[in-house]
Amino acid sequence: VTTPTELLEGFGNELRVGPWTATESALLDDDFTPPTLCAAANQAAGETGGTGAAAAALAAAEEEQPRLTIFTTLLRDAARDDPPAGSLSGVPFAVKDLFDVEGVVTLAGSKAKAADAPATADATAVARLRGAGAVLVGATNMDEFAYGFTTENSHYGTTRNPHDPERLAGGSSGGSAAAVAAGIVPLALGTDTNGSVRVPASFCGVYGLRPTSGRVPLSGATLFAASFDAVGILARSVGDVALTLDVIAGPDGIDPCCRLTSESPFTSFLGAERPLRAVRSAGELWAGAQPHVLDAVERVAAALGARGALELPEVGRARAAASVMTAAEGAERHQQLLRRNPEIVDPRVRGRFLAGLDVPATDYLAAQRFRRWWRRQVLGLLAEVDVLVLPTTACTAPRLDEPLIEIDGITLPVGAVLGRFTQPLSFIGLPALSVPVRRSGGLPIGVQLASRPGEEGLLLAAAALLEAAGVVSP
Amino acid sequence: VRAAYERIRVADRPEVWISLRPEADALADAERVDAAVGLPLAGTIVAVKDNIDVAGLATTAGCPAFAYEPEETAPAVKRLLDAGAVVIGKTNLDQFATGLVGTRSPYGAVRNAWDPELVAGGSSSGSAVAVALGMADIGVGTDTAGSGRIPAAFQGIVGLKPTRGTISTLGVVPACRSYDCVSVFARTIAEAEQAVALMTGRADGDPFQRDWPADAPLGAPAAPAVAVPLPGQLGELPDGWAEAFEHAVGRLAEAGARVVPVDVSAFLQGADLLYGTALVAERYAAVGAFVEAHPGEVDPSVAAIVLAARDVRAHELVRDRERVEWTRLAALAALAGADALLLPTAPEHPTIAAVEADPLARNLRLGRFASFANLFDMCALAVPASGGAASFGVTVFAPPFHDRIAADIARMLSGEPARPAGGEPAGVSLLVLGAHLSGQPLNHQLLAHGGRFLRAASTRPLYRMFALDTVPAKPGLLHVGAAGARVEGELWLLPPGGLGAFLALLPAPMTLGAVQLEDGTQVTGFFCQASATAGAADISAFGGWRAYLASLQTAGAAR
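Here's what I pulled together on the structure shown here. (Residues numbered from 1 in each chain as written. Chains lettered and ligands numbered in written order. Predicted model: local features only at pLDDT ≥ 70, side-chain atom pairs only at ≥ 80, totals over all residues. Heavy atoms only, no water.)

1. What to know about the overall build of chain B
Right, so step 1: Of regular secondary structure, chain B possesses 18 helices and 19 strands.
Right, so step 2: With the C-alpha coordinates aligned to their principal axes, the bounding extent of chain B is approximately 90 × 55 × 45 Å.
Right, so step 3: The long-range fraction of contacts in chain B, counting pairs at least 24 apart against all pairs at least 6 apart in sequence, stands at 75%.
Right, so step 4: For chain B, the accessible area works out to roughly 20,900 Å², and carbon and sulfur atoms hold 55% of it.
Right, so step 5: Averaging the locations of the 42 positively and 57 negatively charged side chains of chain B gives two centres separated by 5 Å. (Helix = DSSP H or I, 4+ residues; strand = E, 2+ residues; numbered from the N terminus. Contact = heavy atoms within 4.5 Å. Areas by Shrake-Rupley, 256 points an atom, 1.4 Å probe, with all protein chains shown as cover. Lys, Arg positive; Asp, Glu negative; His and termini not counted. Charge placed at Lys NZ, Arg CZ, Asp CG, Glu CD.)

Right under this line is the structure:
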């Protein structure tokens, strides 16, 4: 296990990599080719179990780390013992560094936690994946305490986009998305509070599922804003998303908010012949995205036979209310640190938290009241809709040195607008899946599919259809 | 109506009412109701707490400067009017429903119905006294910290606070909006339940309203488990109150309840969270701007509580909400599966003078056994339990949507009969004949799915019953027509959602179908596939499964 101290030395702020990779790089196989990157395909072919895939993943991780800054911890012994049998036997995976992993310090992207004691048990989602035979190879980089959409981290470095290292991977689950996009692991866990799984999925060109709030236990994950936090999945095939969700979903008796149960496995929705009522978004969840993004949304909507367009009301208020609640809940969680030692917090994140400490309670109450109202409005509008198709992000991955973006003629800081299309959906706990659209000669872009609470199966059915039709691919 | 106005004149309690409609207007309403047919509340007189809108009467919330003329009647009251009730006026309250004493009002401290030196309790003080003194049949109140229960105890009447959100709070001046409930006072449980049932339902645009779930239980089991505090946990009580509580517990046990002492400390902690924490920010959100703008026109105790919440930060509210949530989980875990919790409604009954001497502390103390209910999302039914101690009452608490379980257990205390015929909740009638009968091995399935025992019942003589070779042993019923016999069983009521889950458990060769009862009605009942009766003994001659089982025992004993 790489200690946090080693990593700190190795990564630095300027993304130069020190002795850590110099000593390890000799072990790398130059002719390394990514393993078959689909756990579902492996399973179908009967090629499961063994340590080969995990060993290959570790090697790839070591190789890519200097270029992309994906991992904060690597479990170098992961490929030593044969994994248990199970639906994911031998499949390597990575988790955002806010999930507890037994024996490893949970950093949550923060230097303040580097001296914490190692976790004494796996987070539920991690334990369930390991129980199904999957092999954890490492913990991935993130915005500090998950408060951001860029995975720029002053302690552990900025995660680069595997499609173009001069561009952002997105965040806050940027390390997990990049690990999947770079072909290091076929699947990874992230968390999504306002879009932190879907935004990096869009920029990195992978699938990113935010399940319904209450679907996957958050036990053992470092919370950010508990009203919206959800464990999410990043993967390179729809089948892998479904397979992973089947393993990690369902109450664990620890997380009191995780109550959803499902009657049939999510994999049963793949290729299911059922007509889907799809509709694309309009209004504030359409405008503001760049033309090529809207092209991609149109293409996906057309492939799903979408008819008409649906405009949700008061989307601006939904974003504002979500932001107020996020700031207040995040500030509450870290207020001791913010008061005791604010300098240790990444300056990008520190300002957001300090602003959160100052939100009046009455604003929070107003936001919650609005949420009740809005949820009811939206659920009413979605009653006859299986899949709402909308952008995931307004643009493709921005350059690292270009932190501004133009939306509707107004130039805005990138970090402030990346949640534009994702935040309103998680605000009321809806399930949403970003599917990757590959653009010829260009960067990938995600298109978001959303549905009613508890209907992840419809999203997977739609995505499987799109995948089979070749409309989406990592 | 005339009798109600006569009692108002005789009682000479002007502080009960903030506005009273002219008798002639109420009589005109009553005549209109009399002309209609089949209205369930025809002849019922209603008093409405003055923080709830009734078109034509000002809403003051106990503060003259706050008064406004509502254009519409609150949906909760509108539903009572639609059912034939006549509203005669608006009643006094602790200002902005902030208090449990009934003294914080410029319209006068409300005196107890039976002893004018004592407080009426609040905040729904006027509505409770109006019902106790016969000025009204139904008193509509609100309940955030206990305002619908404390006055019930002090007046010796019933106070029903249903599951939060089931009655719309539209048209109600908020006190602590996330936790506010509309509640009902009545002289009997049956009347309170009927009013609440009529007031329940959707209201357009109410974000806090909750639908009644299809699988909500319809009644308590015959021997419900009722949690009570461990010895000593109630703390200091007035003379005779501890004995009165023991007496109530004893009555429950006599009536067949299983009394389970549990650690209630998490509930008592919960009571402190409503006022002692950042949750008071809800009160500032509700009326803070008004209180700021009207210094000197607000009761000093109320203003102190509201204004103290002005600078509460959102993160503090988040922290305390989380504390509430963890305390709630600890409290529910302590219940250990009991159907309900029994506590005294109030810990003491102060005089008006005592409250005026120390308004904040006295008030806080009154909520000790009451204020957790809405924080913990529980329903609560307060009933008198004087047991020799005047103005002593107890409250039955149950988890959300278990209101009917709470009511059944409260009936065991009050001795009120089970619901009158026709007053049963909506559900599906199911005739059970064998293993699902009371006391038989599968009876727990009916209870687990919210079932309610209705009565013993027999079929018309159209069926034959066979002893099937299943585990556990079951009878199988076949319809044979003229050659049939009469079979005895039990009629149960299942919630629609519960019936679905129950059906999923149905093993082969059992089936469900329509069965004719002796009284000519047709209900759903158990049958079996005809093939399953091949080689099975025809036990129709016994007339019922229990008689057949008894014959086996006799035979076994003889052998």
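2. Looking at the interface of chain B and chain A
Right, so step 1: Each partner contributes to the interface: chain B provides 21 residues, whereas chain A provides 22 residues.
Right, so step 2: Both sides together, the interface formed by chain B and chain A hides about 1,900 Å², and carbon and sulfur atoms give 59% of it.
Right, so step 3: Looking only at chain B, the three residues that lose the most surface to chain A are B:P207, B:R313 and B:H315, adding up to 29% of its buried area.
Right, so step 4: Our enumeration of links across chain B and chain A arrives at two salt bridges.
Right, so step 5: The partner of A:D358 in a salt bridge is B:R313, with the nearest N and O atoms 3.3 Å apart.
Right, so step 6: Viewed at the interface, chain A and chain B are joined by seven residue pairs in polar contact (both at pLDDT 80 or more).
Right, so step 7: At the level of secondary structure, the elements contributing two or more residues to the side of chain B that touches chain A comprise α9 (281–293) and α11 (314–335) of chain B.
Right, so step 8: The dominant element in the side of chain B that touches chain A, judged by the number of residues it contributes, is α11(B), at ten residues. (Buried area = accessible area lost by both parts, 1.4 Å probe. Salt bridge = Lys/Arg side-chain N within 4 Å of Asp/Glu carboxyl O. Polar contact = N/O pair within 3.5 Å; in protein donor to acceptor, adjacent residues only side chain to side chain.)

3. Some words on the packing of helix α12 (residues 361–382) of chain A against α11(B)
Right, so step 1: At their nearest, the axes of α12(A) and α11(B) sit 7 Å apart, and the two run at 65 degrees to each other. Counting all contacts with α12(A), which are made through A:A361, A:Y364, A:L365 and A:Q368, the residues of α11(B) involved are B:A314, B:L317, B:V318 and B:R321.
Right, so step 2: Looking at side-chain class alone, the contact of α12(A) with α11(B) contains six nonpolar, one polar and one charged residues. (Axes fitted to C-alpha atoms, helices over the stretch in contact; angles between N-to-C directions. Nonpolar A, V, L, I, M, F, W, Y, C, P; charged D, E, K, R; others polar.)

4. A few points about the nonpolar core
Right, so step 1: Grouped together as the largest cluster of nonpolar side chains are 264 residues, with contacts concentrated most on A:F99, A:F427, A:L449, B:F96 and B:L342.
Right, so step 2: The element that contributes the greatest number of residues to this core is helix α10 (residues 315–340) of chain A, accounting for ten residues.
Right, so step 3: Setting aside its immediate chain neighbours within four residues, B:L342 contacts B:V226, B:A227, B:V228, B:P229, B:F245, B:V249, B:L252, B:V394, B:T395, B:V396 and B:L413.
Right, so step 4: Formed by 32 residues, the second largest nonpolar core is a distinct cluster that contains B:L431, B:A457, B:Y463 and B:I539. (Core = buried A, V, L, I, M, F, W, Y, C linked by side-chain atoms within 4.5 Å. Buried < 20%, exposed > 50% of the residue type's maximum accessible area, 1.4 Å probe, protein only.)

5. Looking at the sheet that holds strand β17 (residues 510–516) of chain B
All names here are of chain B.
Right, so step 1: What the five strands build is an open sheet, ordered β13-β16-β12-β18-β17; its pairing is mixed. Two strands close off the open sheet at either side, each with one partner strand: β13 (452–458) and β17. In this sheet, neighbouring strand axes are inclined to one another by 35 degrees on average, regardless of whether the strands run parallel or antiparallel.
Right, so step 2: Bridge count between strand β12 (residues 428–432) and strand β16 (residues 488–494): five bridges; the pairing is antiparallel. By the bridge assignment for β16, V428 is matched with L494. (Pairing = 2+ DSSP bridges.)

6. Description of the pairing of strand β2 (residues 45–49) of chain B
All names here are of chain B.
Right, so step 1: For β2, a buried count of five out of five residues is recorded, marking the element as mostly surrounded by other parts of the structure.
Right, so step 2: Of the two faces of β2, the one lined by I45, A47 and K49 and the one lined by V46 and V48 are each fully buried.
Right, so step 3: Pairing between β2 and strand β3 (residues 86–91): five bridges, direction parallel. Its bridge partner being in β3, I45 is matched across the sheet by V86.
Right, so step 4: The parallel pair β2 and β3 is bridged by helix α3 (residues 75–82), and the resulting crossover is right-handed.
Right, so step 5: Of the strand pairs in this sheet, β2 and strand β4 (residues 138–143) are connected by three bridges, and their pairing is parallel. When the bridges of β4 are listed, V48 appears paired with V140. (Right-handed = clockwise from strand over helix to strand, strands pointing away.)

7. Describing the pattern of salt bridges
Two side chains bearing opposite charge may form a pair once their charged atoms approach each other closely.
Residues and elements named next belong to chain A.
Right, so step 1: Following the criterion strictly, the structure yields 47 salt bridges over all chains and no others.
Right, so step 2: Where R80 meets D77, a salt bridge forms, and the shortest distance between an N and an O atom there is 3.8 Å.
Right, so step 3: Residues joined by salt bridges that share partners form a network here, namely R277, E384, D386, R452 and E455.

8. Some details on the packing of aromatic side chains
Residue and element names in this part refer to chain B.
Right, so step 1: Taken as a whole and assessed by the stated rule, the structure comprises 24 aromatic pairs over all chains.
Right, so step 2: Pairing W241 with F392 gives two aromatic rings, centres 5.2 Å apart and planes at 65 degrees, and the pair type is edge-to-face. Taken together, the positions of W241 in helix α7 (residues 241–254) and F392 in the loop between β10 (379–384) and β11 (393–398) put the pair 151 residues apart, joining distant regions of the chain. An identical accessibility class is assigned to W241 and F392; each is buried. (Phe/Tyr/Trp six-rings, centres within 6.5 Å; stacked < 30°, edge-to-face > 60°.)

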